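# Fold and contact review
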Amino acid sequence: MTTTPTPTTDDAPSPPAPAPAQGKGAWSTLRPLVLRLHFYAGVLVAPFLLVAALTGLLYAASFQAEKIVYDHELTVPVGDRELPVSEQVAAARAAHPDGEITAVRPSPEPGATTRVLLSGIPGVDPGHTLAVFVDPYTAKVRGELEQYGSTGALPLRTWIDEFHRDLHLGEPGRLYSEFAASWLWVIACGGLVLWFSRRRTQRKLRGTTGRRRTLGLHGGVGAWVALGFVFLSATGLTWSAYAGAHIGDLRTALGQETPAVSAAAGEHAGHGVAGGAGGDAAHGVGLDRVLAAARAEGLGNPVEIVPPADEGSAYVVQQIQRSWQTKQDAVAVDPATGQVTDVLRFEDFPVLAKLTRWGIDLHTGSLFGLVNQIALMLLALSLILLILWGYRMWWQRGRGSAFGRPIPRGAWQQVPPQVLVPLLALVAVLGYFVPLLGIPLAAFLAVDIVLGEIAHRRGRRTYGPASR
(Lines give C-alpha, C1' and ligand atoms only; values in the text may rest on other atoms or scores of the structure.)
Protein backbone atom coordinates (compact mmCIF):
# COMPACT_ATOMS: atom_id res chain seq x y z
CA MET A 1 0.00 0.00 0.00
CA THR A 2 3.00 2.31 0.54
CA THR A 3 6.48 2.87 -0.77
CA THR A 4 9.98 3.76 0.32
CA PRO A 5 11.15 7.39 0.19
CA THR A 6 11.89 8.67 -3.23
CA PRO A 7 14.42 11.31 -4.28
CA THR A 8 11.70 13.57 -5.69
CA THR A 9 8.53 14.76 -3.99
CA ASP A 10 5.66 17.10 -4.48
CA ASP A 11 7.59 19.70 -2.48
CA ALA A 12 10.95 19.57 -4.22
CA PRO A 13 12.04 20.34 -7.78
CA SER A 14 12.78 17.36 -9.96
CA PRO A 15 13.83 16.87 -13.54
CA PRO A 16 11.25 16.34 -16.28
CA ALA A 17 9.79 12.87 -16.59
CA PRO A 18 12.31 10.64 -18.31
CA ALA A 19 11.43 9.08 -21.60
CA PRO A 20 10.65 5.37 -21.44
CA ALA A 21 13.84 3.38 -21.58
CA GLN A 22 14.39 1.38 -24.72
CA GLY A 23 13.92 -2.33 -24.30
CA LYS A 24 11.86 -2.07 -21.14
CA GLY A 25 9.28 -4.78 -20.65
CA ALA A 26 5.62 -3.93 -20.31
CA TRP A 27 5.63 -4.72 -16.58
CA SER A 28 8.61 -2.48 -15.82
CA THR A 29 6.67 0.47 -17.21
CA LEU A 30 3.36 -0.55 -15.65
CA ARG A 31 4.69 -1.23 -12.16
CA PRO A 32 5.00 2.44 -11.09
CA LEU A 33 1.44 3.03 -12.30
CA VAL A 34 0.11 0.02 -10.36
CA LEU A 35 2.09 1.11 -7.32
CA ARG A 36 0.64 4.63 -7.43
CA LEU A 37 -2.91 3.30 -7.87
CA HIS A 38 -2.46 0.78 -5.04
CA PHE A 39 -1.08 3.45 -2.74
CA TYR A 40 -3.76 6.07 -3.33
CA ALA A 41 -6.61 3.55 -3.46
CA GLY A 42 -5.36 2.08 -0.21
CA VAL A 43 -5.05 5.44 1.53
CA LEU A 44 -8.39 6.85 0.36
CA VAL A 45 -10.57 3.72 0.29
CA ALA A 46 -9.12 2.02 3.38
CA PRO A 47 -11.41 3.85 5.88
CA PHE A 48 -14.48 2.54 4.02
CA LEU A 49 -12.96 -0.94 3.84
CA LEU A 50 -12.20 -0.82 7.54
CA VAL A 51 -15.84 -0.10 8.36
CA ALA A 52 -16.98 -2.86 5.99
CA ALA A 53 -14.52 -5.31 7.57
CA LEU A 54 -15.55 -4.50 11.13
CA THR A 55 -19.28 -4.71 10.41
CA GLY A 56 -18.74 -7.81 8.26
CA LEU A 57 -16.91 -9.46 11.15
CA LEU A 58 -19.88 -8.75 13.39
CA TYR A 59 -22.31 -10.10 10.81
CA ALA A 60 -20.40 -13.36 10.37
CA ALA A 61 -20.57 -13.86 14.14
CA SER A 62 -24.26 -12.90 14.36
CA PHE A 63 -25.53 -16.29 13.13
CA GLN A 64 -24.22 -18.08 16.20
CA ALA A 65 -25.06 -15.16 18.50
CA GLU A 66 -28.65 -15.27 17.26
CA LYS A 67 -29.00 -18.90 18.30
CA ILE A 68 -27.86 -18.04 21.82
CA VAL A 69 -29.83 -14.82 22.30
CA TYR A 70 -33.11 -16.22 20.94
CA ASP A 71 -32.79 -19.79 22.18
CA HIS A 72 -36.17 -19.64 23.97
CA GLU A 73 -38.02 -18.71 20.78
CA LEU A 74 -36.07 -20.99 18.46
CA THR A 75 -35.97 -24.27 20.38
CA VAL A 76 -38.29 -26.47 22.44
CA PRO A 77 -38.02 -29.87 24.16
CA VAL A 78 -38.56 -32.66 21.63
CA GLY A 79 -42.03 -34.20 22.02
CA ASP A 80 -43.61 -37.46 20.89
CA ARG A 81 -45.23 -36.15 17.73
CA GLU A 82 -45.78 -32.88 15.92
CA LEU A 83 -49.28 -31.44 15.66
CA PRO A 84 -50.75 -30.57 12.25
CA VAL A 85 -49.45 -27.28 10.89
CA SER A 86 -52.99 -25.92 10.76
CA GLU A 87 -53.33 -26.29 14.56
CA GLN A 88 -50.05 -24.50 15.11
CA VAL A 89 -51.13 -21.64 12.86
CA ALA A 90 -54.48 -21.44 14.66
CA ALA A 91 -52.63 -21.05 17.97
CA ALA A 92 -50.53 -18.22 16.51
CA ARG A 93 -53.68 -16.52 15.18
CA ALA A 94 -55.36 -16.81 18.57
CA ALA A 95 -52.42 -15.00 20.16
CA HIS A 96 -52.07 -12.47 17.31
CA PRO A 97 -55.35 -11.92 15.45
CA ASP A 98 -54.10 -8.74 13.75
CA GLY A 99 -52.37 -8.57 10.39
CA GLU A 100 -52.22 -11.14 7.61
CA ILE A 101 -50.30 -14.38 7.35
CA THR A 102 -47.69 -14.01 4.65
CA ALA A 103 -45.89 -17.33 5.19
CA VAL A 104 -45.55 -20.32 7.46
CA ARG A 105 -42.26 -22.09 8.16
CA PRO A 106 -42.98 -25.48 9.73
CA SER A 107 -40.49 -26.80 12.28
CA PRO A 108 -37.45 -27.80 10.18
CA GLU A 109 -36.02 -30.33 12.62
CA PRO A 110 -36.79 -31.99 15.96
CA GLY A 111 -36.69 -29.45 18.75
CA ALA A 112 -37.17 -26.41 16.48
CA THR A 113 -40.20 -24.13 16.59
CA THR A 114 -42.59 -23.31 13.76
CA ARG A 115 -42.65 -19.72 12.51
CA VAL A 116 -45.89 -18.03 11.48
CA LEU A 117 -45.07 -14.78 9.67
CA LEU A 118 -47.49 -11.87 9.91
CA SER A 119 -47.48 -8.60 7.98
CA GLY A 120 -49.36 -5.36 8.63
CA ILE A 121 -48.68 -5.43 12.36
CA PRO A 122 -48.60 -1.98 14.02
CA GLY A 123 -45.12 -1.06 15.16
CA VAL A 124 -43.38 -3.52 12.83
CA ASP A 125 -41.25 -2.14 10.01
CA PRO A 126 -43.28 -2.39 6.76
CA GLY A 127 -40.40 -4.23 5.11
CA HIS A 128 -40.28 -6.79 7.93
CA THR A 129 -42.69 -9.36 9.32
CA LEU A 130 -43.62 -10.45 12.82
CA ALA A 131 -42.53 -14.04 13.42
CA VAL A 132 -44.70 -15.89 15.92
CA PHE A 133 -42.85 -18.94 17.29
CA VAL A 134 -45.02 -21.96 18.05
CA ASP A 135 -44.10 -25.21 19.81
CA PRO A 136 -44.90 -27.88 17.16
CA TYR A 137 -45.62 -30.49 19.86
CA THR A 138 -47.98 -28.48 22.10
CA ALA A 139 -49.06 -25.52 19.88
CA LYS A 140 -48.03 -23.12 22.65
CA VAL A 141 -46.72 -19.75 21.50
CA ARG A 142 -43.11 -19.30 22.62
CA GLY A 143 -42.83 -15.64 21.68
CA GLU A 144 -42.72 -13.26 18.77
CA LEU A 145 -39.89 -11.31 17.12
CA GLU A 146 -39.49 -9.04 14.14
CA GLN A 147 -37.98 -10.89 11.18
CA TYR A 148 -36.26 -9.67 8.02
CA GLY A 149 -35.26 -11.24 4.73
CA SER A 150 -35.35 -14.68 3.21
CA THR A 151 -32.79 -16.04 5.70
CA GLY A 152 -35.15 -15.27 8.59
CA ALA A 153 -32.89 -12.77 10.35
CA LEU A 154 -34.11 -11.82 13.82
CA PRO A 155 -33.58 -8.39 15.46
CA LEU A 156 -29.91 -8.82 16.42
CA ARG A 157 -28.77 -10.10 13.03
CA THR A 158 -31.07 -7.67 11.21
CA TRP A 159 -29.51 -4.70 13.01
CA ILE A 160 -25.97 -5.88 12.21
CA ASP A 161 -26.93 -6.72 8.62
CA GLU A 162 -28.31 -3.23 8.02
CA PHE A 163 -25.29 -1.69 9.75
CA HIS A 164 -22.97 -3.60 7.41
CA ARG A 165 -25.05 -2.79 4.33
CA ASP A 166 -25.88 0.89 4.79
CA LEU A 167 -24.80 2.04 8.29
CA HIS A 168 -28.52 2.49 9.08
CA LEU A 169 -28.61 5.44 6.69
CA GLY A 170 -30.99 3.86 4.17
CA GLU A 171 -30.38 4.00 0.43
CA PRO A 172 -27.72 6.77 0.61
CA GLY A 173 -25.78 4.61 3.05
CA ARG A 174 -25.56 1.78 0.54
CA LEU A 175 -23.10 3.87 -1.44
CA TYR A 176 -20.43 3.27 1.21
CA SER A 177 -20.60 -0.52 0.93
CA GLU A 178 -20.76 -0.46 -2.87
CA PHE A 179 -17.80 1.92 -2.97
CA ALA A 180 -15.80 -0.43 -0.73
CA ALA A 181 -16.77 -3.51 -2.77
CA SER A 182 -15.97 -1.72 -6.05
CA TRP A 183 -12.40 -0.98 -4.98
CA LEU A 184 -11.55 -4.02 -2.83
CA TRP A 185 -10.73 -6.25 -5.80
CA VAL A 186 -8.62 -3.50 -7.41
CA ILE A 187 -6.53 -3.04 -4.27
CA ALA A 188 -6.23 -6.80 -3.73
CA CYS A 189 -5.16 -7.58 -7.30
CA GLY A 190 -2.76 -4.64 -7.40
CA GLY A 191 -1.15 -5.69 -4.14
CA LEU A 192 -0.91 -9.31 -5.30
CA VAL A 193 0.85 -8.31 -8.51
CA LEU A 194 3.22 -5.96 -6.70
CA TRP A 195 4.11 -8.58 -4.10
CA PHE A 196 4.93 -11.37 -6.55
CA SER A 197 6.83 -8.97 -8.80
CA ARG A 198 9.36 -8.50 -6.02
CA ARG A 199 12.44 -10.69 -5.95
CA ARG A 200 12.03 -13.73 -3.74
CA THR A 201 14.74 -12.49 -1.38
CA GLN A 202 12.79 -9.26 -0.84
CA ARG A 203 9.71 -11.20 0.19
CA LYS A 204 11.41 -12.91 3.14
CA LEU A 205 10.13 -11.95 6.57
CA ARG A 206 12.67 -13.66 8.82
CA GLY A 207 15.40 -11.36 10.09
CA THR A 208 13.73 -8.16 8.91
CA THR A 209 12.86 -5.14 11.01
CA GLY A 210 11.13 -1.79 10.68
CA ARG A 211 9.31 -0.91 7.50
CA ARG A 212 10.62 -3.94 5.62
CA ARG A 213 9.10 -6.25 8.22
CA THR A 214 5.77 -4.41 8.09
CA LEU A 215 5.85 -4.71 4.30
CA GLY A 216 6.57 -8.42 4.60
CA LEU A 217 3.58 -8.93 6.89
CA HIS A 218 1.35 -6.76 4.71
CA GLY A 219 2.37 -8.44 1.46
CA GLY A 220 2.58 -12.00 2.78
CA VAL A 221 -0.84 -12.01 4.44
CA GLY A 222 -2.33 -10.10 1.52
CA ALA A 223 -1.09 -12.72 -0.93
CA TRP A 224 -2.83 -15.48 1.03
CA VAL A 225 -6.20 -13.74 1.26
CA ALA A 226 -6.30 -11.78 -2.03
CA LEU A 227 -8.52 -14.27 -3.83
CA GLY A 228 -10.94 -14.20 -0.89
CA PHE A 229 -11.15 -10.43 -1.17
CA VAL A 230 -11.82 -10.64 -4.91
CA PHE A 231 -14.63 -13.09 -4.21
CA LEU A 232 -16.17 -10.86 -1.51
CA SER A 233 -15.95 -7.88 -3.85
CA ALA A 234 -17.58 -9.69 -6.79
CA THR A 235 -20.39 -11.24 -4.76
CA GLY A 236 -20.99 -8.02 -2.82
CA LEU A 237 -21.51 -6.15 -6.08
CA THR A 238 -24.17 -8.60 -7.30
CA TRP A 239 -26.81 -7.03 -5.03
CA SER A 240 -25.44 -3.50 -4.85
CA ALA A 241 -27.47 -0.51 -6.04
CA TYR A 242 -25.71 0.44 -9.29
CA ALA A 243 -23.28 -2.32 -10.26
CA GLY A 244 -25.93 -4.83 -9.15
CA ALA A 245 -28.43 -3.30 -11.57
CA HIS A 246 -25.96 -3.70 -14.44
CA ILE A 247 -25.32 -7.31 -13.44
CA GLY A 248 -29.07 -7.93 -13.35
CA ASP A 249 -29.50 -6.40 -16.81
CA LEU A 250 -26.69 -8.58 -18.14
CA ARG A 251 -28.27 -11.73 -16.68
CA THR A 252 -31.60 -10.76 -18.22
CA ALA A 253 -30.01 -10.22 -21.62
CA LEU A 254 -28.34 -13.62 -21.40
CA GLY A 255 -31.53 -15.37 -20.24
CA GLN A 256 -29.96 -16.21 -16.87
CA GLU A 257 -32.55 -14.75 -14.51
CA THR A 258 -33.62 -16.65 -11.42
CA PRO A 259 -36.86 -18.46 -12.36
CA ALA A 260 -39.98 -18.54 -10.20
CA VAL A 261 -42.71 -21.12 -9.89
CA SER A 262 -46.03 -20.10 -11.46
CA ALA A 263 -48.51 -19.17 -8.73
CA ALA A 264 -51.52 -19.26 -11.04
CA ALA A 265 -54.14 -21.66 -9.69
CA GLY A 266 -55.93 -24.29 -11.76
CA GLU A 267 -59.25 -24.03 -13.56
CA HIS A 268 -61.20 -24.49 -10.32
CA ALA A 269 -59.66 -21.43 -8.69
CA GLY A 270 -62.23 -19.29 -6.92
CA HIS A 271 -64.88 -22.06 -6.89
CA GLY A 272 -65.65 -23.78 -3.63
CA VAL A 273 -62.67 -22.25 -1.86
CA ALA A 274 -63.42 -21.92 1.83
CA GLY A 275 -61.91 -19.40 4.17
CA GLY A 276 -59.18 -17.05 3.12
CA ALA A 277 -60.60 -13.94 4.78
CA GLY A 278 -58.43 -11.86 7.01
CA GLY A 279 -55.21 -13.56 6.03
CA ASP A 280 -55.79 -16.70 8.10
CA ALA A 281 -54.08 -18.97 5.51
CA ALA A 282 -57.04 -21.40 5.57
CA HIS A 283 -57.63 -21.26 1.82
CA GLY A 284 -59.41 -24.21 0.24
CA VAL A 285 -57.90 -27.56 1.14
CA GLY A 286 -55.79 -26.00 3.89
CA LEU A 287 -52.17 -26.01 4.94
CA ASP A 288 -51.89 -29.68 5.89
CA ARG A 289 -52.93 -31.03 2.49
CA VAL A 290 -50.81 -28.42 0.73
CA LEU A 291 -47.76 -29.44 2.74
CA ALA A 292 -48.48 -33.13 2.07
CA ALA A 293 -48.67 -32.42 -1.66
CA ALA A 294 -45.30 -30.66 -1.52
CA ARG A 295 -43.78 -33.55 0.43
CA ALA A 296 -45.04 -35.94 -2.22
CA GLU A 297 -43.03 -33.92 -4.77
CA GLY A 298 -39.89 -34.44 -2.71
CA LEU A 299 -39.71 -31.09 -0.92
CA GLY A 300 -38.02 -31.88 2.38
CA ASN A 301 -37.32 -29.51 5.26
CA PRO A 302 -36.87 -26.64 5.62
CA VAL A 303 -39.79 -25.23 3.64
CA GLU A 304 -41.91 -22.10 3.59
CA ILE A 305 -45.61 -22.10 2.71
CA VAL A 306 -46.98 -18.90 1.15
CA PRO A 307 -50.81 -18.63 1.07
CA PRO A 308 -52.56 -17.57 -2.15
CA ALA A 309 -52.38 -13.84 -2.82
CA ASP A 310 -55.93 -13.79 -4.21
CA GLU A 311 -58.70 -16.09 -5.47
CA GLY A 312 -56.84 -16.74 -8.72
CA SER A 313 -53.58 -17.76 -7.06
CA ALA A 314 -52.16 -20.99 -5.71
CA TYR A 315 -50.24 -21.85 -2.58
CA VAL A 316 -46.48 -21.76 -3.12
CA VAL A 317 -44.27 -24.10 -1.12
CA GLN A 318 -40.55 -23.49 -1.47
CA GLN A 319 -37.50 -25.02 0.13
CA ILE A 320 -35.43 -22.41 1.95
CA GLN A 321 -32.20 -24.25 2.76
CA ARG A 322 -29.23 -22.07 1.80
CA SER A 323 -26.58 -24.42 3.18
CA TRP A 324 -24.88 -27.07 1.07
CA GLN A 325 -26.57 -28.97 -0.51
CA THR A 326 -28.74 -26.05 -1.53
CA LYS A 327 -32.46 -26.79 -1.46
CA GLN A 328 -34.48 -24.30 -3.50
CA ASP A 329 -37.14 -26.47 -5.18
CA ALA A 330 -40.65 -25.03 -5.26
CA VAL A 331 -44.18 -26.17 -6.11
CA ALA A 332 -47.53 -24.46 -6.60
CA VAL A 333 -50.62 -26.17 -5.18
CA ASP A 334 -54.19 -25.49 -6.27
CA PRO A 335 -56.15 -24.42 -3.15
CA ALA A 336 -59.38 -25.94 -4.51
CA THR A 337 -58.09 -29.44 -5.29
CA GLY A 338 -54.80 -29.81 -3.46
CA GLN A 339 -53.13 -30.77 -6.75
CA VAL A 340 -49.66 -29.58 -7.71
CA THR A 341 -49.96 -27.21 -10.68
CA ASP A 342 -46.31 -26.30 -11.23
CA VAL A 343 -42.91 -27.59 -10.13
CA LEU A 344 -39.57 -25.78 -10.20
CA ARG A 345 -36.31 -27.60 -9.46
CA PHE A 346 -33.10 -25.89 -8.43
CA GLU A 347 -31.20 -28.21 -10.74
CA ASP A 348 -33.05 -26.58 -13.66
CA PHE A 349 -31.92 -23.04 -12.73
CA PRO A 350 -29.70 -21.31 -15.33
CA VAL A 351 -25.98 -21.47 -14.56
CA LEU A 352 -25.63 -17.81 -13.60
CA ALA A 353 -28.70 -18.03 -11.36
CA LYS A 354 -27.10 -20.94 -9.49
CA LEU A 355 -23.75 -19.19 -9.23
CA THR A 356 -25.43 -16.03 -7.94
CA ARG A 357 -27.32 -18.03 -5.32
CA TRP A 358 -24.20 -19.85 -4.15
CA GLY A 359 -22.08 -16.69 -4.26
CA ILE A 360 -24.47 -14.68 -2.12
CA ASP A 361 -24.89 -17.52 0.37
CA LEU A 362 -21.13 -17.98 0.63
CA HIS A 363 -20.67 -14.22 1.06
CA THR A 364 -23.23 -14.10 3.88
CA GLY A 365 -21.98 -17.22 5.66
CA SER A 366 -24.97 -19.46 4.94
CA LEU A 367 -23.58 -21.95 2.43
CA PHE A 368 -21.24 -23.95 4.69
CA GLY A 369 -22.56 -22.93 8.07
CA LEU A 370 -20.10 -22.43 10.93
CA VAL A 371 -17.05 -23.19 8.77
CA ASN A 372 -18.19 -20.54 6.28
CA GLN A 373 -18.72 -18.02 9.08
CA ILE A 374 -15.28 -18.66 10.59
CA ALA A 375 -13.66 -18.21 7.18
CA LEU A 376 -15.45 -14.87 6.74
CA MET A 377 -14.33 -13.72 10.18
CA LEU A 378 -10.72 -14.60 9.31
CA LEU A 379 -10.99 -12.66 6.05
CA ALA A 380 -12.41 -9.66 7.90
CA LEU A 381 -9.63 -9.81 10.50
CA SER A 382 -7.04 -10.09 7.73
CA LEU A 383 -8.41 -7.01 6.00
CA ILE A 384 -8.32 -5.05 9.25
CA LEU A 385 -4.69 -6.04 9.84
CA LEU A 386 -3.70 -5.25 6.24
CA ILE A 387 -5.18 -1.76 6.53
CA LEU A 388 -3.38 -1.09 9.81
CA TRP A 389 -0.09 -2.40 8.40
CA GLY A 390 -0.57 -0.29 5.29
CA TYR A 391 -0.97 2.90 7.28
CA ARG A 392 1.95 1.88 9.46
CA MET A 393 4.16 1.50 6.38
CA TRP A 394 3.13 4.95 5.26
CA TRP A 395 4.07 6.31 8.68
CA GLN A 396 7.40 4.44 8.67
CA ARG A 397 8.15 5.83 5.23
CA GLY A 398 8.12 9.24 6.88
CA ARG A 399 10.77 7.94 9.29
CA GLY A 400 8.25 7.24 12.03
CA SER A 401 7.53 10.88 12.82
CA ALA A 402 5.02 11.70 10.08
CA PHE A 403 3.31 10.03 7.17
CA GLY A 404 5.55 9.64 4.13
CA ARG A 405 5.36 11.44 0.82
CA PRO A 406 2.86 10.28 -1.81
CA ILE A 407 3.99 8.27 -4.82
CA PRO A 408 5.38 10.62 -7.53
CA ARG A 409 3.33 11.54 -10.57
CA GLY A 410 4.10 10.79 -14.18
CA ALA A 411 4.10 6.98 -14.11
CA TRP A 412 1.47 6.78 -16.86
CA GLN A 413 3.74 8.71 -19.25
CA GLN A 414 6.20 5.85 -19.28
CA VAL A 415 3.62 3.27 -20.37
CA PRO A 416 3.89 2.49 -24.12
CA PRO A 417 0.82 3.53 -26.16
CA GLN A 418 0.17 -0.05 -27.27
CA VAL A 419 -0.30 -0.94 -23.61
CA LEU A 420 -1.85 2.30 -22.34
CA VAL A 421 -4.66 2.56 -24.92
CA PRO A 422 -6.13 -0.96 -24.33
CA LEU A 423 -5.71 -0.39 -20.59
CA LEU A 424 -7.71 2.84 -20.75
CA ALA A 425 -10.41 1.09 -22.80
CA LEU A 426 -10.65 -1.68 -20.21
CA VAL A 427 -10.88 0.87 -17.39
CA ALA A 428 -13.64 2.71 -19.26
CA VAL A 429 -15.69 -0.49 -19.65
CA LEU A 430 -15.20 -1.42 -15.99
CA GLY A 431 -16.05 2.12 -14.96
CA TYR A 432 -19.35 1.92 -16.81
CA PHE A 433 -20.45 -1.34 -15.24
CA VAL A 434 -19.01 -0.47 -11.80
CA PRO A 435 -19.70 3.28 -11.52
CA LEU A 436 -18.41 3.66 -7.96
CA LEU A 437 -15.08 2.49 -9.31
CA GLY A 438 -15.14 4.51 -12.54
CA ILE A 439 -16.42 7.85 -11.23
CA PRO A 440 -13.99 8.17 -8.28
CA LEU A 441 -11.11 7.03 -10.50
CA ALA A 442 -11.98 9.65 -13.13
CA ALA A 443 -12.26 12.30 -10.41
CA PHE A 444 -8.91 11.32 -8.97
CA LEU A 445 -7.24 11.47 -12.38
CA ALA A 446 -8.76 14.88 -13.08
CA VAL A 447 -7.60 16.32 -9.74
CA ASP A 448 -4.21 14.70 -10.15
CA ILE A 449 -3.73 16.21 -13.61
CA VAL A 450 -4.77 19.67 -12.39
CA LEU A 451 -2.42 19.50 -9.41
CA GLY A 452 0.37 18.29 -11.65
CA GLU A 453 -0.17 21.17 -14.04
CA ILE A 454 -0.18 23.66 -11.16
CA ALA A 455 3.06 22.21 -9.85
CA HIS A 456 4.55 22.32 -13.34
CA ARG A 457 3.66 25.99 -13.78
CA ARG A 458 5.28 26.75 -10.44
CA GLY A 459 8.42 24.95 -11.55
CA ARG A 460 7.94 21.94 -9.28
CA ARG A 461 7.60 18.96 -11.57
CA THR A 462 6.43 16.01 -9.58
CA TYR A 463 7.71 13.12 -11.60
CA GLY A 464 10.22 10.72 -10.29
CA PRO A 465 11.04 7.05 -9.76
CA ALA A 466 9.01 5.03 -7.31
CA SER A 467 10.04 1.93 -5.45
CA ARG A 468 8.59 -0.28 -2.86
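Note that this is a predicted model, so its numbers are computed, not measured.

### Overview of the overall build of the chain
Looking only at helices and strands, the chain has 12 helices and eight strands in total. In the chain, the share of contacts with a sequence separation of at least 24, taken over all contacts with a separation of at least 6, comes to 66%. Total accessible area computed for the chain in this model is approximately 22,800 Å², and 63% of it derives from carbon and sulfur atoms.

### Remarks on helix H8 (residues 287-296)
Of all the residues in H8, the buried ones are Leu287, Val290, Leu291, Ala293 and Ala294. Viewed end-on, H8 has its buried residues packed into an arc of 155°, placing them on one side of the element. On its buried face, H8 sits against helix H3 (85-95), strand S1 (100-105), strand S5 (303-306), strand S6 (315-319), strand S7 (330-333) and strand S8 (340-344). Downstream of H8 by one or two residues, glycine 298 has phi in the positive range, about 90°.

### Description of the environment of histidine 168
Here histidine 168 is to be found in the loop between helix H4 (155-166) and helix H5 (174-197). Residue histidine 168 is classed as partly exposed on the basis of its relative accessible area of 34%. Discounting residues that sit within four places of it in the chain, histidine 168 has contacts with Trp159, Glu162 and Phe163. For histidine 168, the side chain forms a polar contact with the main-chain oxygen of tryptophan 159, separated by 3.0 Å.

### Here we look at the packing of helix H6 (residues 210-237) against helix H9 (residues 351-364)
Geometry of a packed helix pair, given as the angle between the helix axes and the separation of the axes. Where H6 contacts H9, the axes come no closer than 9 Å and their chain directions differ by 120°. Considering only the axes of H6 and H9, their crossing is left-handed. Facing H6, whose interface residues are Phe231, Leu232, Thr235 and Gly236, H9 presents Gly359, Leu362 and His363. When the residues that make up the contact of H6 with H9 are grouped by side-chain class, the tally is three nonpolar, four polar and no charged.

### Brief notes about the packing of aromatic side chains
Describing an aromatic ring pair means giving the distance of the ring centres and the angle of the ring planes. For the structure on display, the rule yields 12 aromatic pairs. Centre to centre, the rings of phenylalanine 48 and phenylalanine 179 are 4.9 Å apart; their planes meet at 80°, and the pair counts as edge-to-face. In this pair, phenylalanine 48 is assigned in helix H1 (residues 26-69) and phenylalanine 179 in helix H5, connecting sequence segments 131 residues apart. Looking at phenylalanine 179, the relative accessible area reads 17%, which means it is buried. Pairing phenylalanine 346 with phenylalanine 349 gives two aromatic rings, centres 4.9 Å apart and planes at 55°, and the pair type is tilted. As far as burial versus exposure is concerned, phenylalanine 346 and phenylalanine 349 are alike and both buried. An aromatic cluster is defined as three or more aromatic residues linked by ring pairs; in this entry it consists of Phe39, Tyr40, Tyr391, Trp394 and Phe444. When the ring centre of phenylalanine 346 is taken as origin, the NZ or CZ atom of lysine 354, which lies over that ring, is 5.9 Å away.

### What about unusual backbone geometry?
Of the consecutive residues asparagine 301 and proline 302, the connecting peptide bond is found in the cis state with omega at -5°. Its location among the elements puts proline 302 in the loop between H8 and S5. Along the chain, tryptophan 324 connects to glutamine 325 via a cis peptide bond; the corresponding omega equals -10°. Counting through the fold element by element, glutamine 325 comes out in the loop between S6 and S7. Residues other than glycine seldom take positive phi values, yet alanine 139 does so here, at roughly 65°. Residue position: alanine 139 is located in the loop between strand S3 (129-134) and strand S4 (141-147). The class of alanine 139 is buried, set by a relative accessible area of 18%. Despite not being glycine, histidine 168 shows a phi value in the positive range, around 60°.

### What about the pattern of salt bridges?
The tally for this structure, following the rule as stated, stands at eight salt bridges. Here arginine 174 makes a salt bridge to glutamate 171, at a shortest N to O gap of 3.4 Å. Looking at arginine 174, the relative accessible area reads 19%, which means it is buried. The network of salt bridges with common partners includes Glu297, Asp329 and Arg345.

### With respect to H3
Every buried residue of H3 is listed here: Val85, Gln88, Val89, Ala91, Ala92 and Arg93. On its buried face, H3 is in contact with S1, strand S2 (114-119), S3, S4 and H8.

### Some words on the nonpolar core
Of all hydrophobic cores here, the largest spans 33 residues; its most connected members are Val45, Leu49, Trp183, Leu184, Phe229 and Leu383. Considering every element that reaches this core, the biggest residue donor is H5, with nine residues. With sequence-adjacent residues up to four places away left out, phenylalanine 229 is seen in contact with Leu184, Ala188, Leu379, Ser382, Leu383 and Leu386. Ranked by size, the runner-up nonpolar core spans 25 residues in total, among them Ile101, Val134, Leu287 and Val303.

### Remarks on the confidence of the model for the chain
A residue-level look at the chain finds 87% of positions with pLDDT of 70 or above and a mean pLDDT of 87. Counted against residues more than four places away or in other chains, residues 269-279, with its pLDDT under 50, gives 19 contacts.

### Considerations on the side chain of asparagine 372
You can see asparagine 372 is positioned in helix H10 (residues 369-397). Look at asparagine 372 and you get buried, because its relative accessible area is 5%. Not counting chain neighbours up to four residues away, the residues in contact with asparagine 372 comprise Asp361, Leu362, Gly365, Ser366 and Leu367.

Procedures and definitions
Note on numbering: residues in each chain are counted from 1, in written sequence order. Local features in this predicted model are restricted to residues of pLDDT 70 or higher, and side-chain atom pairs are both shown and tallied only at a pLDDT of 80 or more, whereas totals for entire chains, interfaces and linings draw on every residue. Excluding hydrogens and water, the side-chain values take into account all heavy atoms of the structure. Only DSSP runs of H or I covering at least 4 residues are called helices, and only runs of E covering at least 2 are called strands; the numbering of each starts at the N terminus. By definition, residues are in contact when any of their heavy atoms lie within 4.5 Å. Method for areas: the Shrake-Rupley scheme with a 1.4 Å probe, in which residue coverage is limited to the protein chains shown. Relative accessibility decides the category of a residue: with a 1.4 Å probe and only protein chains considered, values under 20% of the type maximum give buried, values over 50% give exposed, and everything between is partly exposed. Along the arc lie the directions from the helix axis toward the C-beta atoms. Polar contact is defined as a pair of N or O atoms within 3.5 Å, subject to the rule that within protein one atom must be able to donate a hydrogen and the other to accept it, and that residues adjacent in sequence are counted only when both atoms are side-chain atoms. Angles shown run from 0 to 180 degrees and are taken between the N-to-C directions of axes, each axis being a line fitted to C-alpha atoms and, for helices, limited to the stretch in contact. The sense of a crossing depends on the near helix, which, turned anticlockwise from the far helix by less than a right angle, makes the crossing left-handed and, turned clockwise, makes it right-handed. Just so you know the grouping, Ala, Val, Leu, Ile, Met, Phe, Trp, Tyr, Cys and Pro go in nonpolar, Asp, Glu, Lys and Arg go in charged, and all remaining residues, Gly too, go in polar. Here a pair means two rings of Phe, Tyr or Trp (six-membered ring of Trp) with centres within 6.5 Å. Their orientation is stacked below 30 degrees between planes, edge-to-face above 60, and tilted elsewhere. We call a charge positioned above a ring when the Lys NZ or Arg CZ atom is no farther than 6 Å from the ring centre and deviates by at most 35 degrees from the ring normal. One side-chain nitrogen of Lys or Arg within 4 Å of one carboxyl oxygen of Asp or Glu is enough to make a salt bridge. Throughout, nonpolar core names a set of buried Ala, Val, Leu, Ile, Met, Phe, Trp, Tyr and Cys residues whose side chains join them through atoms within 4.5 Å. What pLDDT reports is the predictor's confidence in each residue, on a scale of 0 through 100.

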